[in-house]
Each structure stands twice: as structure tokens, then as C-alpha cells.
Amino acid sequence: MSLSTQQRTQIERIVGGLLADGKGIVAAVVATTDGMSVASQKVSETLDESKLAAIASSIGAIGAVVGDETGLGACRLVMVQSERGYTVIVEVAHEKTPMIVSIVADASAVLGNVIYEAREAAAAISQLL
Amino acid sequence: LSDQKIVFTGTMGAGKTTAIGAISEIEPIVTDVKNSDPTLGKDKTTVGFDYGEFTLENADKVRLYGTPGQERFAFMWRIIAKGALGLIVLIDNSRPNPVADFKIYLNGFADLIGTNLPLVVGVGRYETHPTPSLDTFTTELERFNIIAPVVAVDVRKRSDVLLLVNLLLTQLENLE
């Protein structure tokens, strides 16, 4: 994958911004669509960002298949609501370097805000690619 | 057994998606995305699962699942392997260390293989890359206390994929 140092720095800044600004956001990972972490930040020590990158890749791909099979079109977002929070996965549409943004938020987060932040981050990343 | 599930796993680029496509009666479901690993020399790679269907002579339906190859998707291996009746491991013999590749899957599916799950090994690109030999894989299987057929295959050929499936089903019948 061909990301310049500058692009990486910018992506890292976007990831940092997610944790700084988004209430309840405890982790954010930007990865290639085939599951390799590009940039990540987390509050929790127990979360494995490489694993989350690979899992987001699989879930994103399965989301795409769901859209195809149901005839509803491309997958915009996958959200998993767990007992104590949410994981939101959004694709960064880009022909040459498609990526995925995953955000993990605890129960203090407002789901709508997390989705908004994820989409904004994905849009910002697709601009700089 | 009216509904059987067979899982194709093995090295990235060994042809899991191709194998399922070669025998599936439905348009296979594929979850491949752009590959960003330059060492793999592939445009696309499976990150979720492949799915196809195949009907046996006795009208039983076989569900064919393919796993992602890379070890970072090992969590997907466990999900896909649930309820599987047999495992087909595909190896690409043109890679630097096919036996090391092979061990990744033997270890990754150890829980399943330990329950006497039937296994078949298909070695690809064997004609152009005859080393390591098929016997080398058999010896490796013995180290894991597994007895399973090892055959050279070209998974682009429907007949070769059917051979793998038939070898697997034969083992299943012997178990019953």
C-alpha cells in the first residue's frame, strides 16, 4: 500500500481527533479494506487494534454482500450494539486505496454522534487519499 | 445427513475462491476486497467468506464455505468452521515454504481436526513446483496424528475439485 508519510500523519491526526472530540469514543482504527491497520488510538489497554482491523474488514465485506444480495446497494455502515457500547464501521470509498474506519464507543456515547463522527472521518480521509 | 457443510481453507492465493467457483451450482457469494499486501501478488483477497452450493448424486445438498487465507483472519476460521463436516486444505506449492504454510492451518483448525473431522489436502502448482513432495505433507500430517489423503490439484479444473470433495465424502461414509 502506498501512503505517503504526510498522508499517514494526517490520518493519525483524524484518528486522534475522534478520541479527543467524540464523547464516549474509546478506540478508533483506520485500516485497509483487507484488514491491515494504518492508524489507531485507544483508551482501553485490552483492545487489540490489529485484530479489530481484521474483524472490521470481514464485517465490512459481509455488509457489502448483504447489500448485494438484498438488492439494497452498497453498504454504508455496519453497527454492532453490544451490552456496553457500540462499534461502528464505515467504509472510506476510494478506488485506489479503499479503507475502513472503525470506532468503538462505550455506553456514554450517543449513537447518532458516533455515526456522524465516523462518516466525517471517512469523508476527511477519502479527501486526502 | 441432508445438509452438509464443507470448508475450504489454506494459503492465500491457493485457490479457495476458485475451487468453490469451479463446482458451485449457484453464483458463489464472495467477499473479496483489494489486496494491499504487495508480497502476495494478487489483486483481490477474501476477507469474509466464500459460499457456494453443490448437489450430490443422492440429492443431498453440500454447502461450500471458503475462509480467508491470512492468519490475521483466524477468528473467521473459527466462525466458518462451526458445524463443518469436513475440511479441505489447499496449499500453494510455489510459495517459499509450503510446509510452514500447511502447519498454520493444522494448528489453526486443531480443535476441529482433533474431533476426527475428515480432512483432505490439495497441493496446487505441483507440476511446476514438485518440491516439497506430497509425501512431505503426509509426514507432516503424521506428526499431528492425522491420516488424510494428499493430492496434487489444479483447482481451476472442476474434476480436480470434485476429487477433493469425493475424497472427503468417502472419509465421512467410512466414519458412519
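Look above for the structure.
Residues numbered from 1 in each chain as written. Chains lettered and ligands numbered in written order. Predicted model: local features only at pLDDT ≥ 70, side-chain atom pairs only at ≥ 80, totals over all residues. Heavy atoms only, no water.

Draft legend 1. Seen up close, the environment of Q127 of chain A. Residue and element names in this part refer to chain A. Topologically, Q127 is positioned in helix α3 (residues 111-128). Owing to a relative accessible area of 69%, Q127 belongs among the exposed residues under this scheme. Separated by 99 residues in the primary sequence, Q127 and A28 have C-alpha atoms spaced 19 Å apart. (Helix = DSSP H or I, 4+ residues; strand = E, 2+ residues; numbered from the N terminus. Buried < 20%, exposed > 50% of the residue type's maximum accessible area, 1.4 Å probe, protein only.)

Draft legend 2. Up close: the pattern of salt bridges. Residue and element names in this part refer to chain B. Counted by the stated rule, this structure contains seven salt bridges over all chains. E140 is paired through a salt bridge with R143; the nearest N and O atoms lie 2.8 Å apart. Pair noted here: E140 and R143 are both in helix α5 (residues 134-143), with a separation of three residues, about one helical turn. Since its relative accessible area comes to 5%, E140 is described here as buried. (Salt bridge = Lys/Arg side-chain N within 4 Å of Asp/Glu carboxyl O.)

Draft legend 3. Fine view of the sheet that holds strand β3 (residues 77-82) of chain A. Residues and elements named next belong to chain A. In space, the five strands of this open sheet follow the order β2-β1-β5-β4-β3, with antiparallel pairing throughout. Unpaired on one side and paired on the other, β2 (37-42) and β3 mark the two borders of the sheet. When the angles between neighbouring strand axes are averaged without regard to direction, this sheet yields 10 degrees. Against the sheet, helix α1 (residues 5-21) makes contact with β1 (25-32), β2 and β5 (99-106), and its axis sits at roughly 30 degrees relative to β2, the strand it touches most. Sheet strands touched by α3: β1, β3, β4 (85-92) and β5. Its angle to β4, the strand with the most contacts, is close to 25 degrees. (Pairing = 2+ DSSP bridges. Axes fitted to C-alpha atoms, helices over the stretch in contact; angles between N-to-C directions. Contact = heavy atoms within 4.5 Å.)

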